[in-house]
Amino acid sequence: MKLINTLVSAILFAGGYRGESTDSSVLNLSADSFKDAIVEHKIILVKFFAPWCGHCKTLAPQYETAASLLKETPLKLAEVDCTVHKSVCDEYQVQGFPTLKLFNEGEVSDYDSARETTAIVKFMRNQLLPTVSELSSEDFKSFLEPHQVVMVGYFSDAESDEAKVFAEVAKKHRNEYVFGSISDEALAKEHEAKFPGVVIYKKFDDGKDKYEGEFTTEELTKFLKTSATPLIDDLSPNNFQKYMESKLPLAYIFVESVEDRDAYDASLKDLAKIVKGKVNFVFINATTYGRHAESINLETKFPTFGIQQLEPSGKFPIDQSSPLTADAIVKHVEDFVADKLKPSIKSEPIPEDNNGPVTVLVGDSFSDIAYDTAKDVLVEFYASWCGHCKKLAPIYDQLGEAYKSNDKIVIAKMEVIENDLPYKAGFEVTGFPTIKLFKANTNEIVDFEGDRTVDGFIEFLKANAANDATASVSEPASEDDESDDSDEL
């Protein structure tokens, strides 16, 4: 998923800002020039980056080209080097690179469209459109033509409750979709639409969907997201995030050839239509992204199929003992929707000897130990390759020794690359090491955020454990504090 490109050096664009003037169309902003820039340019997209970031290098030429295409418009693209102007990046809570934020007349929002030239240009030009465009018979077709998805509201009264709900949804999602409205009764009749009503026009599947639900922002938004998602699409870096944000289970069809894709596409469209709004379907190129099969507990032999449930987190791989057929996929999906499938839990073998200072948890033993209501259980979630985890190991072993004689406190650890959390765990591990306390009696989970020293852990347990957290420490702890470091997934 990573492309290698040369980072385009975008030096300051002429216009009163500090820096050298070059042919770049991207404004290079500093801590001093940032505020002036977002005031002067009413609509400006800012890329927060670090020069060493691989994804930033990939984005740079796409971003530069987009800026040049927008050069003659009031729409501007800018960038801030967070290694130099850290105060600006901290102010806008930049936590990863690259981060793109839109500044539109003082309002700040995250850019979440595809990170390539066409999408960036389209996103920026959409900012010049009204939130909802009033349409007539003359401009209806031309308005729809450039866009993949357009939501149109039919309202005889622009001040009606239904029209206000529509306007609210449009305002919230204007950066993702295009919205129009029609008040002409003859035009509504021509389009077989009713007042009040909403229709989504799209360039895939059946071409349009009519809204039949109640006029609430929640229901109308759900309709928009569901209708705007193709029945079966090809998964790519450009749409992956949207599928994650939908929170719907994602069904992966891993294929190695166009012929396989076309065969399954034709046979699964009806199934995808039946479960639309319950499960999203995508094809994934097994030649390029085949290793992703392992993340949902599938073997890397293709074609194959599996479902990843996002909330709560769960993995539902298909039985790979037989060749994959469309009928097998249909049965698997039907059983999943009917809640007849058990989630797959990846697990190392349960240790036969688990008498060390730190109790070792695996996928199959996690629930029995961590959720033992008689005990407080402190769990370190780690990865074997994580440098910070390795540095913590001797400290954590000392902590285990300190509580070895306390039968109400358990110091435990689990390697989470080779072991899955239990289904419906209610949390995910997004960095290493992650440390959580599972309290006795209630199983309440408390995140550890203190000093990663023996003393720091003991203080935390005394403050948060339900049981007596008295420890037996033979000598004072003197470890360095590593509390601010973590390895991100």
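The structure reproduced in this document is the subject of the present report.

Basis of the calculations
- Residues numbered from 1 in each chain as written.
- Predicted model: local features only at pLDDT ≥ 70, side-chain atom pairs only at ≥ 80, totals over all residues.
- Heavy atoms only, no water.
- Pairing = 2+ DSSP bridges.
- Helix = DSSP H or I, 4+ residues; strand = E, 2+ residues; numbered from the N terminus.
- Axes fitted to C-alpha atoms, helices over the stretch in contact; angles between N-to-C directions.
- Buried < 20%, exposed > 50% of the residue type's maximum accessible area, 1.4 Å probe, protein only.
- Salt bridge = Lys/Arg side-chain N within 4 Å of Asp/Glu carboxyl O.

Here we look at the sheet that holds strand β11 (residues 232-234)
With respect to topology, 5 strands assemble into an open sheet ordered β11-β13-β12-β14-β15, the strand pairing being mixed. The open sheet has two edge strands, β11 and β15 (314-317), and neither has a second partner. Taken over all neighbouring pairs, the strand axes of this sheet differ in orientation by 25° on average, direction set aside. With 5 bridges joining them, strand β12 (residues 250-255) and strand β14 (residues 304-309) adopt antiparallel strand pairing. Bridge pairing in β14 places Phe254 opposite Thr304.

Points about the pairing of strand β20 (residues 434-438)
Within β20, 5 of the 5 residues are buried, which leaves it mostly tucked inside the rest of the structure. Alternating residues of β20 divide into Thr434, Lys436 and Phe438 and Ile435 and Leu437, and every residue in both groups is buried. With 3 bridges connecting them, β20 and strand β21 (residues 445-447) associate as antiparallel partners. From the neighbouring strand, Lys436 faces β21, where its bridge partner is Asp447. Here β20 folds back onto β21 in antiparallel fashion, the turn holding 6 residues, of which Asn441 has a positive phi close to 75°.

A few points about the pattern of salt bridges
Following the criterion strictly, the structure yields 20 salt bridges and no others. Measuring nitrogen to oxygen at the nearest pair gives 3.5 Å for the salt bridge that ties Lys247 to Glu311. Of the two residues, Lys247 sits in the loop between α9 (240-246) and β12 while Glu311 sits in the loop between β14 and β15, which places them 64 residues apart along the sequence. Residue class for Lys247 comes out partly exposed when judged on its relative accessible area of 43%. The salt bridge partner of Asp447 is Lys436, with a shortest N-O separation of 2.5 Å.

Considerations on unusual backbone geometry
Across the junction of Glu311 and Pro312, the peptide omega takes the value -10°, indicating a cis bond. For Pro312, the location among the structural elements is in the loop between β14 and β15. The omega angle of the peptide bond from Phe432 to Pro433 is -15°, so this bond is cis rather than trans. By the element assignment, Pro433 lies in the loop between β19 (431-432) and β20. For Gln93, which is not a glycine, the phi torsion comes out positive at approximately 55°. Looking at the element boundaries, Gln93 is found in the loop between α3 (86-91) and β4 (99-104).

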